[in-house]
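# Examination of the molecular architecture
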Amino acid sequence: MKNTIAIVGRPNVGKSTLFNRLVGQRKAIMDDESGVTRDRHYGYGEWIGKYYTVIDTGGYVHNSDDIFEGEINKQVKLAIDEADVVLFMVDAMAGVHGLDEEFASVLRRYQGKKPIYVVANKADTNARIHSAGEFYALGVGDGEIFPISSASGSGTGDLLDAVVSHFEEEGVEDPDLGVPKIAVVGRPNVGKSSFVNLLLGTDRSIVTDIAGTTRDSIQARYNAFGNEFILVDTAGLRRKTKVHEDVEFYSVLRSIRALEEADVCVVMLDATRGIEAQDVNIIGLADKNRKGIVILVNKWDLIENKETNTAKEFQEKIYEKIAPIAYPPIIFTSVLTKQRVHKAIETAIDVYNNKRRKIPTSQLNEVMLKEIEKYPPPATKGKMVRIKYVTQLPTHNPVFAFFCNLPQYVKESYVRYLENRLREHFDFTGVPIGIIFRKK
């Protein structure tokens, strides 16, 4: 990626607040609890006609035994390697901290290889602006210390002037615009991050056995089967009653937003637990938002004594629980053994293409009017409904308008009949279909 800025530093200095300011929206979760940001988080912004990518990172901690902090440090180093300009964030209110000195020694390896700016955050009084000079003692950065307040935005203009001076090209406004999005959603600890990391071949998301490791929605570009997509790893969606801390509440909101913004949702289930109430809720939410859906049953390798019909019976149970939703394909996979992982993404791509499928009106009428003739709408109150013709509307999802004399008398059972016939003749696997009746 061209024109990339990485924001790094110890925990709780305000990196996510600056990230949100640079991208112009609240994309990263912010909280006073340290370690809220765990994965690398990407956003896009613009300054004086130059577009850039910003990477938010978790707080760097040296020699920690904490399982998350070790992984966070790995993410920070990956972000620095990826960046064109590094913003080393420190806290003007707290002054020089032991962890700042340790981080500075890491950054010295990059000195001279890429521009590094020391950004003294929380400098919202004159006294703090003047005292920001103490950070020169860290011996890192390109000469100038930038005192800013990422909460109010003061000083960020001067900082961005300096940063974009290193960008030769204007960059792209939002490289993700118009690129299809596949969101991987599900309950906590079903294997979403492991699945995304396996596809990408890099550790974009931190993976541990602890449920709730992913807190924000993480996006990454992915190229497969001749198509470019954005893969979105999301925090696990659990029942509201189980959401205790603020951070987790916002994680759940972000996951729901990622689902709402996606084109296709890959809903992951845990084979060892079967389909649970929360899985049904997630599938229902994706259906309600008219998303393409692929159901991925992970950890299939852990199901012992499998017989010929085991998968078929499991599949039937899923369809029974999510009824009347019957259109999502179901794939049995194991991220651990890499079984059918690429089949899952190939299916998601097929579902995306099905979602965009446009059936010519002539073909639609030729097929559907024969089906209607075979089984006409039943009479209601002695009134005969006559369907004259059908057309597909120019919408994001497949919606079909049936023109008839008495639209108000068409029964729900007949709507289901028409949907089944449409699915039988045209491939809309994984996609919700809309059917409306108009007076003609």
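Look up: the structure comes first, before these words.
The text that follows walks through the structure, step by step, so that each part is easy to find.

Calculation criteria
Residues numbered from 1 in each chain as written. Predicted model: local features only at pLDDT ≥ 70, side-chain atom pairs only at ≥ 80, totals over all residues. Heavy atoms only, no water. Helix = DSSP H or I, 4+ residues; strand = E, 2+ residues; numbered from the N terminus. Buried < 20%, exposed > 50% of the residue type's maximum accessible area, 1.4 Å probe, protein only. Contact = heavy atoms within 4.5 Å. Areas by Shrake-Rupley, 256 points an atom, 1.4 Å probe, with all protein chains shown as cover. Phe/Tyr/Trp six-rings, centres within 6.5 Å; stacked < 30°, edge-to-face > 60°. Salt bridge = Lys/Arg side-chain N within 4 Å of Asp/Glu carboxyl O. Axes fitted to C-alpha atoms, helices over the stretch in contact; angles between N-to-C directions. Parallel < 35°, antiparallel > 145°, perpendicular 65-115°, else oblique. Left-handed = near helix turned anticlockwise from the far one by under 90°. Nonpolar A, V, L, I, M, F, W, Y, C, P; charged D, E, K, R; others polar. Pairing = 2+ DSSP bridges. Patch = residues over 30% accessible without salt bridge, like charges linked within 9 Å, V, L, I, M, F, W, Y side chains within 5 Å. Lys, Arg positive; Asp, Glu negative; His and termini not counted. Charge placed at Lys NZ, Arg CZ, Asp CG, Glu CD. Core = buried A, V, L, I, M, F, W, Y, C linked by side-chain atoms within 4.5 Å.

### Here's the deal with the overall build of the protein chain
A tally of helices and strands in the protein chain yields 12 helices and 15 strands. A buried classification covers 53% of the 440 residues belonging to the protein chain. Of all intrachain contacts in the protein chain linking residues separated by at least 6 positions in sequence, the fraction that spans at least 24 positions is 71%. Taken as a whole, the protein chain presents about 20,300 Å² of accessible surface, with 49% of it coming from carbon and sulfur.

### A short note on the packing of aromatic side chains
All chains considered together, the criterion is met by 11 aromatic pairs. With centroids separated by 5.6 Å and ring planes inclined at 50 degrees, the aromatic side chains of Y375 and Y414 adopt a geometry described as tilted. Taken together, the residues Y375 in the loop between α11 (361-374) and β13 (387-392) and Y414 in helix α12 (residues 412-425) connect sequence positions 39 residues apart. Classification of Y414 as buried rests on a relative accessible area of 1%. With centroids separated by 4.7 Å and ring planes inclined at 10 degrees, the aromatic side chains of Y389 and F403 adopt a geometry described as stacked. With Y389 in strand β13 and F403 in strand β14 (residues 399-404), the pair connects residues that are 14 residues apart, well separated along the chain. A relative accessible area of 29% means that Y389 is categorised as partly exposed. One aromatic cluster in this structure is built from W300, F314 and F332.

### Focus on the side chain of T333
Tracing the sequence through the fold places T333 in the loop between β12 (330-332) and α10 (341-355). Residue contacts for T333: discarding those within four places in its chain leaves L296, V297, N298, K299, W300, Q339, R340 and V341.

### So, the pattern of salt bridges
By the definition in use, this model includes 11 salt bridges. Across the pair K122 and D91 runs a salt bridge whose closest N-O atoms are separated by 3.0 Å. Highlighted residues: K122 in the loop between β5 (116-121) and α4 (126-131) and D91 in strand β4 (residues 85-91), separated in sequence by 31 residues. Look at K122 and you get partly exposed, because its relative accessible area is 22%. In this structure, R128 and D124 form a salt bridge, with 2.7 Å as the shortest nitrogen-oxygen distance. Bridged by salt links that share partners, the residues R187, R273, E276 and D279 form one connected network.

### Some details on the packing of α11 against α12
The description of two packed helices rests on the angle between their axes and on the distance between the axes. For the pair α11 and α12, the least separation of the axes is 11 Å and the interaxial angle reads 135 degrees. Relative to α12, the element α11 is oriented oblique. Relative to α12, α11 is oriented so that their crossing is right-handed. When α11 is examined against α12, the residues L364, V367, M368, E371 and I372 are found in contact with a partner set consisting of Y414, Y417, L418, R421, L422, E424 and H425. A per-class count over the contact of α11 with α12 returns 8 nonpolar, 1 polar and 3 charged.

### Points about the sheet that holds β14
Within the open sheet, the 3 strands sit side by side as β13-β14-β15. Their pairing is mixed. The outermost strands of the open sheet, each flanked by one partner alone, are β13 and β15 (434-439). Each strand axis lies, on average, 25 degrees off the axis of its neighbour in the sheet, ignoring direction. For β14 and β15, the ladder comprises 6 bridges, and the chain directions are parallel. The residue of β15 that forms the bridge with F403 is R438. Of the strands in this sheet, β13 and β14 touch α11, which is tilted by about 140 degrees from β13.

### Brief notes about a positive patch on the surface
A grouping of R386, K388, K439 and K440 is seen on the molecular surface, where their side chains present a positively charged patch. By secondary structure assignment, the location of K439 is in strand β15.

### Considerations on unusual backbone geometry
Here A323 and P324 are connected by a cis peptide whose omega angle stands at 10 degrees. As for its placement among the helices and strands, P324 is situated in the loop between α9 (310-322) and β12. With a phi close to 65 degrees, N12 is a non-glycine residue in the positive phi region. Even without being glycine, R340 reaches a positive phi, approximately 55 degrees. Within the secondary structure, R340 sits in the loop between β12 and α10.

### Some thoughts on the nonpolar core
V267, I283, I295, V297 and I318 are the most contacted members of the largest nonpolar core, which has 28 residues in total. Those elements giving two or more residues to this core turn out to be β7 (181-186), β9 (227-233), α7 (246-261), β10 (264-270), α8 (277-288), β11 (292-298), α9 and β12. Discounting residues that sit within four places of it in the chain, I283 has contacts with V267, I275, I293, I295, I322 and I325. The next biggest cluster of nonpolar side chains, apart from the first, holds 26 residues, and it includes L200, I345, A348 and Y352.

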